[in-house]
Amino acid sequence: MSKVQKIAIMTGGGDCPGLNPVIRAVVKTAISKYGLEVMGVRHGYHGLYHGDFIKLGLEDVEEIITKGGTILYSSNKDNLFQYPVKDADGNFVRDENGKLTYEDVSDVAVEHLKAASIDALFILGGDGTLTSARDFSRKGVNVVAIPKTIDNDLANTDYTFGFDTAISVATDGLDRVRTTGMSHHRVMVVEIMGRGAGWLTLHAGIAGAADVILVPEIPYDINKVAEKIKEDKANGKEFSIVAVSEGAKSLDGKQVVLKVIEDSADSIRLGGVGALVADQLEKLTGSEARATTLGHIQRGGTPTAHDRVLSSRYGYAAVELCMKGGFGRMVALQGDEIVDVSLEDVIGQKTKNVDPNGELVTMAKAMGVCFGD
Ligand code: F6P
């Protein structure tokens, strides 16, 4: 049995609907069932580096189950194992080629945890955050990990919380542009998040009855997409709905990059493919086309009931795992069961991607959806 008396919880990476319900479940279970002391680390790894800890009581998690974002704040820039060096004025120190220089500052975080007598650290995050979680575990920190991402691309877990909410928002987006498409006989292109994984676009595209679904896993030929739209038009369908992943790749394998954030662990921010596809389709089909980028509204707002339940299950299971001494592990959903897996088996694995020959793609194609291949 573990001798855990005091735990800390932190959220890292992009915010995601369901983080607050997880925090609530951890705090309630830890205090009510086990009488533990609970601390919150604010601003993700940034706060861990600076010892920004607050005490969390039952009163702090009242009324947060409906709230999006994270009451603990987050950061997706602070990899403490590869931390950009800054000078006394706060400017980045660069090498002779102008590249950032880095240092490992993880020991500072470990010292803060020791000084605060924290026995176990609960880390909520996606692959970037959990890579550091694995590395802190390797350094001897008692880590319990909880998977988070709207992209649903983490290996070894079937679903992450936030995904269901994001699907609902993206589907609503597709439903809403439909009316303009119908009224104006337009091609409506909707750009959906997901980084290199097409799950969000695939699910929303099916739910939102898109005519075309473009995902990173299936490189698209814009001419084939245009042919499909012209064919539909010839058959009397006067408008088209195109759901496109921000990470969709044309046949040359290129993605459209919005910007590069130099000091972010995952520096590439995708964006812009929706506008590009709309422009190309307008030229190729002769139909007016418009692009909408859903962006961060997919990550915002109230989590769905499904995500609240999944988050609560993850939070509860994480405390149980901790009390059994299951450190260096991540709670996961496999089938309908919450299990736990070693972080070593999660990190460094290929991300979970859409199977171009899988059931959902096959079904959608049978129903006439074009994937541009
Ligand atoms: O990983 C979640 C996610 O929302 C991706 O779908 C998206 O590409 C990225 O984060 C956006 O990151 P940021 O919030 O830094 O713009």
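In this text the structure is predicted, and so the values were computed from the model without any measurement.

K.L.:
So, the packing of helix H6 (residues 199-207) against helix H10 (residues 359-366): which residues are in play, and what are the values?
P.N.:
Relative to each other, H6 and H10 sit at 35°, their axes nearing to 11 Å. The chirality of how H6 crosses H10 is left-handed. Across the interface between the two elements, Leu202, His203 and Ile206 from H6 touch Leu360, Val361, Met363 and Ala364 from H10. The class makeup of the residues in the contact of H6 with H10 is 6 nonpolar, 1 polar and no charged.

K.L.:
Talk me through the environment of Ser106; I want residue IDs and the actual numbers.
P.N.:
Considering the arrangement of structural elements, one finds Ser106 in helix H3 (residues 106-115). In contact with Ser106, other than residues within four places in its own chain, are Leu80, Phe81, Phe136 and Lys139.

K.L.:
How would you summarise the domain arrangement of the protein chain if you had to cite specific residues and measurements?
P.N.:
Accessible area lost upon the coming together of the parts serves often as the stated size of an interface. Domain annotation of the protein chain identifies domain 1 (6-161 + 303-335) and domain 2 (164-300 + 355-366). Spacing between the C-alpha centres of domain 1 and domain 2 amounts to 32 Å. Regarding the contact of domain 1 and domain 2, the summed buried area is about 1700 Å², with carbon and sulfur atoms giving 49% of it. Its largest share of buried area at the contact with domain 2, domain 1 owes to Lys77, Ile150 and Asp151, together 32% of the area lost on that side. Where domain 1 meets domain 2, there are 6 salt bridges. A salt bridge links Arg195 to Asp151, with the nearest nitrogen and oxygen atoms 3.3 Å apart. In this structure, the connection of domain 1 to domain 2 is made through 10 residue pairs in polar contact (both at pLDDT 80 or more). For the side of domain 1 that touches domain 2, a count of residues per class yields 9 nonpolar, 7 polar and 7 charged.

K.L.:
Mind laying out the side chain of Glu191, listing which residues take part and the relevant values?
P.N.:
Position of Glu191 among the secondary structure elements: in strand E8 (residues 187-192). Within the structure, the side chain of Glu191 is placed 3.1 Å from the backbone nitrogen of Val273, a separation counted as a polar contact. Among residues more than four places away in sequence, those in contact with Glu191 are Val244, Glu246, Gly271, Gly272, Val273, Gly274, Ala275, Thr292, Thr293 and Leu294.

K.L.:
Hey, could you go over the sheet that holds strand E10 (residues 240-245) for me, with residue numbers and the actual values?
P.N.:
Spatially, the 4 strands line up as an open sheet ordered E9-E10-E8-E13, and their pairing is parallel. Either end of the sheet is taken by a strand with one partner, and the two such strands are strand E9 (212-214) and strand E13 (289-293). For this sheet the average axis-to-axis angle between neighbouring strands, irrespective of direction, equals 15°. Pairing between E8 and E10: 6 bridges, direction parallel. Bridge pairing links Ile192 to Ser245 in E10. Along the sheet, helix H5 (residues 163-184) makes contact with E8, E10 and E13, crossing E8 at roughly 165°. The strands touched by helix H8 (residues 273-285) are E8, E9, E10 and E13; relative to E8, the strand with the most contacts, the crossing angle is about 160°.

K.L.:
Just give me the short version of a negative patch on the surface, but keep the residues and values in it.
P.N.:
Taken together, Glu59, Asp60, Glu62 and Glu63 make up a surface patch of like negative charges. Summarising the element assignment, Glu63 is placed in the loop between strand E3 (53-56) and strand E4 (83-84). Overall, the relative accessible area of 63% leaves Glu63 in the exposed class.

What counts and what doesn't
Residues numbered from 1 in each chain as written. Predicted model: local features only at pLDDT ≥ 70, side-chain atom pairs only at ≥ 80, totals over all residues. Heavy atoms only, no water. Axes fitted to C-alpha atoms, helices over the stretch in contact; angles between N-to-C directions. Helix = DSSP H or I, 4+ residues; strand = E, 2+ residues; numbered from the N terminus. Left-handed = near helix turned anticlockwise from the far one by under 90°. Contact = heavy atoms within 4.5 Å. Nonpolar A, V, L, I, M, F, W, Y, C, P; charged D, E, K, R; others polar. Domains from an automatic or database assignment. Buried area = accessible area lost by both parts, 1.4 Å probe. Salt bridge = Lys/Arg side-chain N within 4 Å of Asp/Glu carboxyl O. Polar contact = N/O pair within 3.5 Å; in protein donor to acceptor, adjacent residues only side chain to side chain. Pairing = 2+ DSSP bridges. Patch = residues over 30% accessible without salt bridge, like charges linked within 9 Å, V, L, I, M, F, W, Y side chains within 5 Å. Areas by Shrake-Rupley, 256 points an atom, 1.4 Å probe, with all protein chains shown as cover. Lys, Arg positive; Asp, Glu negative; His and termini not counted. Charge placed at Lys NZ, Arg CZ, Asp CG, Glu CD. Buried < 20%, exposed > 50% of the residue type's maximum accessible area, 1.4 Å probe, protein only.

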